[in-house]
Each structure stands twice: as C-alpha cells, then as structure tokens.
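Spelled out, the chains give:
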Amino acid sequence: MDAYGKSYHLLCPGPVNVRPEVAAALTSWEFCHREEEFSALLENVQRQALEVAGVRNPEAWAAVVVTGSGTAGNESVLATVVPDGGRVLVLANGEFGERLFRVSSVYNDTVVLEHDWAEPLDLERLAGMLREQEFSLVAMVHHETSSGVLNPVEDVGALCRAHGVRLFVDMVSSYSADPLDFEACGVTFASTSSGKALASYPGLALVMGRRDAFEALGELRPRNHYLNLYRYYAFLRDKAQTPNTPAVPLILALDRALSLALAEGMPERLERLAHLAAHVRRRACERGLRLLVEDQPLSNVVTSVMLPAGVDFERFRLALREEGFVVYGGKGPFDGRLFQVSTIGDVDEALVDAFFEAVDRVLRLIAAPTRLHA
Ligand SMILES: *Cc1c(COP(=O)(O)O)cnc(C)c1O
C-alpha cells in the first residue's frame, strides 16, 4: 500500500473521492457477465441513468454502457451516428469542445465553430451556419470543464430543431450535477462517464439517446468495431448484454452511485452541489481571489480561480499536496494562470473550508521571502 504514498482529498473534476458504499459495491458480487444477474444489473443501470437524467418518457430513450473513459463514449457517438457523406458542426469554447472536433474529424467531414476559451457561444454565427450549410449533427459540450462555463444547450437545441439537425451533447462532467432537460432541449444523444459528477470510479462511459435514433443506426455502415454504438444498443435491446466482456466491478460501482443519487433525490442533489459551488466561490472571493468567469452561467462542478500574480502553479500544487489536497491547474491559454476547485465527490462545506485554510498557508509560504531571518 505505502508504495504509492497516501490518499488525497481530490478537489479535481475527476477522479473524485468515492463514498464507502460505492467502494464496497466494487467487490459486492461475483457472477458471470453472460448470465441473468448481469443482465438485471445492466437493465438497472439503464433505468436509473434515465431517471437521473430526468427524462419524462423513459421508454423513448436508451442508455448504453461503453467500457472506456468519457472520450470512448464520445468517440462511439461520433464514429457511429453520422451517415457517409454527412457533415458535423462542432461548437468549441475550450479544451473539450476542441477534443470533440479532433475525434469527429477522424470519422467525419467536420467543421468547427471556434471561440476563445471561456467565451460565450456565438449563437448568431451558429444560426448563420445552420442556415447556409447542411449538417447531419451538431456536437457540443454542456459543461466546458476547462473553464467552468455552462453552455446554453437549450438555445443551441432550438436552432438545431428549427433546421432539422440532430444534437449530441457531451455531458461528461455535468451529468447528475447540472440539470439538462433532454426533451425540452431537443437532445438526440448525450454522453457521460462514471468517474466525474456521478462520483464512482473512472473507466465507464454512458451514452444516452432517443430510441428511434439508436434504431436508425442499424441502417448505417459501421466505421469501427469496438466502439460501434449500434452494437452496444442492439446487445442491450436484444439480450440485456454488452457485446464484449464488460468491466463488471465498475458497473456494480456505477449502479450503486446512481442509486445513491436517486436516494438523495435529484432536486436535493442539484441543490447541494449548487450550494457547495457557491460556497467555494464565496470562500475564494473573501480572500480577494478573482474568478476566471464572472459574467456567464457557471456549472455546479468546477470553479476556476485565478492565481495571485507571481505565484507559480507548480509550487502551489506541490505545497497543497503536502497539505493533502489535489487540484488541477489551467490548460491551454490558462496554463499557469489559475487553479480549479471541484466539489463533485465526497466533499462537504467543512472540507472546502479546510481547503481554503490550506490555500492561505500555502500562499503565505510561497510569498514569504526565503531566509528572511538567516
Ligand atoms: C473529462 C471530460 C471528458 C472525457 O475525458 P476522459 O479523460 O476520456 O474521461 C470529455 N468531456 C468533458 C467535458 C470532460 O470533462
């Protein structure tokens, strides 16, 4: 055990600290994934995933489990749902939108509507592109984890609906933490992963989508095998199975994490996470720390806090590790300029307070001129 050091408070947006019930679920049962126990588990994950998503008509939707991280779920959608010759429009205002563009470009003729990171999506330019060009799919990120910005899926969905274009939403970091009404927003497919706001272990992706859209995929030419979304859907529909060997312990843990979310109650859960995120922002502002984004809707998942001038992120991170906390810094244009505080795992207000007290000590330490009294 101690070969790997110690455990940390994970205030990064995945991995997160899991609850003991989720840890226990990992080793709770031993059965064969080709027998009825596993089918019952997979059906239960589907039922609970759609309930957590808040769909009003679950029979019209399906939720498939793809073994792999969130990107595997995104790739399964982008590799499967666009017919040959179809075009994809990706909206990007941060790292994860740009990643959707890269993944889609491997399989599809893909256009990106680019923005600076953390800039609001330009809905007028989007409307113009949808008017002037033919697209088969629009792909976007709900919560852009690289900044904390929550993108306006409802507005994008209305434009997609008006032009008869399907909408795929990457909810990898927002699912179960920031509400999104699939039906009202005109979402066709949405993806998430086990190891972010759901607060289970990483290693599984969930792809949810309208059943009629999943059915239509059977007509298309497969463009890869392992991540062919239609195979996952057809195995679930026909046999309540996965096409290949599933990561059963991870699915047991995911199932438990979904039950914990439902037992808490989704309105209560969203309220708790909103409250915790507000608490982080209050504690940061009390110290005179500025936030990256002040004029746009923010997620309940992550707060990006600017580092005070002259503070080196790597020194800051290492000193916080000594205090037992793990945080991420900025990427791309935010590299070295900010740190991110995420409260989606087993975190409460007292831990947030302890974290900011540690930040105070670390900033004093880093700011202190060395050898003052030498
Ligand atoms: C984490 C994340 C992903 C997927 O990353 P993986 O490393 O594959 O799990 C995709 N989109 C968003 C918005 C994310 O936060």
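Residues numbered from 1 in each chain as written. Predicted model: local features only at pLDDT ≥ 70, side-chain atom pairs only at ≥ 80, totals over all residues. Heavy atoms only, no water.

## Considerations on the packing of aromatic side chains
Note the cut-off: Aromatic contacts are taken between Phe, Tyr and Trp rings whose centres are within 6.5 Å, Trp giving its six-membered ring; a plane angle under 30 degrees counts as stacked, one over 60 as edge-to-face, and the others as tilted. Numbering goes from the N terminus for both helices and strands, where a helix is a DSSP run of H or I of at least four residues and a strand is a run of E of at least two. Remark: exposure states derive from per-residue accessible area (1.4 Å probe, protein chains only) relative to the maximum for the residue type, with buried under 20%, exposed over 50%, and partly exposed in between.
Enumeration according to the criterion identifies 9 aromatic pairs in this entry. Between Phe189 and Phe214 the ring centres are 5.2 Å apart and the planes differ by 90 degrees, which places this aromatic pair in the edge-to-face class. Here Phe189, found in strand S9 (residues 189-193), pairs with Phe214, found in helix H8 (residues 211-216); they are 25 residues apart in sequence, far enough to count as distant. In this structure, Phe189 and Phe214 share a single accessibility class: buried. Residues Phe214 and Tyr233 carry aromatic rings whose centres are separated by 4.8 Å and whose planes lie at 10 degrees to one another, so their mutual orientation is stacked.

## Remarks on the pairing of strand S3 (residues 87-92)
Consecutive side chains of a regular strand alternate in pointing toward one face of the sheet and then the other. For the record, the criterion: Strand pairing is assigned whenever DSSP detects at least two bridges linking the two strands. Handedness rule for crossovers: strands pointing away from the viewer, path from the first strand over the helix to the second running clockwise, crossover right-handed.
Here S3 lies mainly inside the structure; 5 of its 6 residues are buried. Sheet topology note: the S3/strand S4 (residues 109-114) ladder contains 6 bridges and is parallel. Bridge pairing in S4 links Arg87 to Asp109. Note on the crossover from S3 through helix H4 (residues 95-107) to S4: the handedness is right-handed.

## Things to note about the layout of surface pockets
Rule in force here: Of the two site types, the cavity is a set of points on a 1 Å grid over the protein atoms alone where a 1.4 Å probe fits but cannot get out, and the pocket is an open set with protein on both sides within 12 Å along at least five of seven lines, each lined by residues with an atom within 4 Å of a point. Grid points are joined across faces, edges and corners, and a volume is the space filled by probe spheres set on the points. Residue type decides the class: Asp, Glu, Lys and Arg count as charged, Ala, Val, Leu, Ile, Met, Phe, Trp, Tyr, Cys and Pro as nonpolar, and the leftover types, Gly among them, as polar.
Computed from the structure, the largest pocket encloses a volume of approximately 450 Å³. Lining the largest pocket are 31 residues, with Pro13, Phe96, Arg99, Val172 and Lys196 sitting closest to its centre. Of all the elements in the fold, those that place two or more residues in the lining of the largest pocket are helix H3 (70-80), H4 and strand S13 (328-329). Ranked by residues supplied to the lining of the largest pocket, first place goes to H4 with 5 residues. Residue composition of the lining of the largest pocket, grouped by class: 10 nonpolar, 16 polar and 5 charged. Here the second largest pocket defines a volume of roughly 170 Å³. Forming the walls of the second largest pocket are 14 residues, and the residues nearest its centre are Arg19, Ala199, Arg269, Arg272 and Gly345. At the level of elements, helix H10 (248-264) and helix H11 (266-286) are the ones that each hand at least two residues to the lining of the second largest pocket. The leading source of residues in the lining of the second largest pocket is H10, at 4 residues.

Just geometry here; none of it tells us what the structure is for.
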